[in-house]
Amino acid sequence: MIMPLIKGLQITISHMFKKPVTLQYPTERPEIKPGFRGLHALNVSHDKAKCVACYLCPTVCPAKCITVEAGEDANHDKYAAKYEIDMLRCIFCGYCVEACPVDAIRMTEQFELANYSRADFTYTKDRLLEKK
Ligand code: SF4
Ligand code: SF4
């Protein structure tokens with residue numbers, strides 16, 4: 001009876017002198033580790049999205065949350081006329097990034113994705129292009 005009590009007290013006292021592991025969020029920000037998978041962003045080249053609408057990322061996405069519609073520009077090059085990700089369904093697996101043959105999509109360090117309406121969780125091409 002007394003030994004478990006002493007052991008418990010030892011643990012409690014030892015923790016009193018340790019640095020707390022919790023953060024006073026949002027005033028204290030967490031350190032984002034390399035390889036963190038947050039919100040997606042579309043990469044840009046020559047002032048336009050690098051995406052060539054190859055459909056690999058919607059095909060590989062296990063949550064089926066990416067919608068791509070191809071268009072043809074003035075030079076007859078294929079581009080993503082529509083690119084959308086439904087972040088309510090995304091499981092942040094990163095397969096879309098791995099699958100992309102032209103490095104058109106990446107995942108940012110942005111993790112604060114709370115919102116008030118379902119529509120706000122749909123990240124359109126324009127919204128994804130804004131992300132750093
Ligand atoms: S991270 Fe995974 S679930 Fe999310 S959009 Fe990419 S492939 Fe789909
Ligand atoms: S895999 Fe890359 S190029 Fe292909 S549709 Fe997705 S983002 Fe665009």
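Draft legend 1. Seen up close, the overall build of the chain. Assigned secondary structure in the chain consists of four helices and seven strands. Starting at the N terminus and ending at the C terminus, the chain contains elements arranged as α-β-β-β-α-β-β-α-β-β-α. Relative to the compact-globule value of 14 Å for 132 residues, the chain shows a C-alpha radius of gyration of 22 Å, a clear excess of over 25%. Viewed in the frame of its principal axes, the chain has a C-alpha envelope of about 80 × 30 × 30 Å. Taking all 132 residues of the chain together, the buried fraction comes to 28%. Taking the intrachain contacts of the chain between residues at least 6 apart in sequence as the baseline, contacts between residues at least 24 apart amount to 64%. Separation of charge centres in the chain, based on 18 positive and 16 negative side chains, amounts to 9 Å.

Draft legend 2. Representation of the site of ligand 1 within the structure. Taken together, 14 residues form the shell around ligand 1, and within it C61, C90, C93, G94 and C96 come nearest. For the shell around ligand 1, the class distribution of residues is twelve nonpolar, two polar and no charged.

Draft legend 3. Looking closely at the packing of aromatic side chains. Here the structure, examined in full by the defined rule, presents one aromatic pair. Centroid distance Y25 to F111: 6.5 Å. Interplanar angle 50°. Geometry classified as tilted. You can see Y25 sitting in the loop between α1 (2-16) and β1 (40-42) and its partner F111 sitting in the loop between β6 (105-107) and β7 (122-123), a full 86 residues away along the chain. Y25 sits in the partly exposed class, given a relative accessible area of 46%. Sitting over the face of the ring of Y123, R127 holds its NZ or CZ atom 3.9 Å from the ring centroid.

Thresholds, definitions, all that
- Residues numbered from 1 in each chain as written.
- Chains lettered and ligands numbered in written order.
- Predicted model: local features only at pLDDT ≥ 70, side-chain atom pairs only at ≥ 80, totals over all residues.
- Heavy atoms only, no water.
- Helix = DSSP H or I, 4+ residues; strand = E, 2+ residues; numbered from the N terminus.
- Rg over C-alpha atoms; globule rule 2.2 N^0.38 Å.
- Buried < 20%, exposed > 50% of the residue type's maximum accessible area, 1.4 Å probe, protein only.
- Contact = heavy atoms within 4.5 Å.
- Lys, Arg positive; Asp, Glu negative; His and termini not counted.
- Charge placed at Lys NZ, Arg CZ, Asp CG, Glu CD.
- Near = heavy atom within 4 Å.
- Nonpolar A, V, L, I, M, F, W, Y, C, P; charged D, E, K, R; others polar.
- Phe/Tyr/Trp six-rings, centres within 6.5 Å; stacked < 30°, edge-to-face > 60°.
- Lys NZ or Arg CZ within 6 Å of the ring centre and 35° of its normal.

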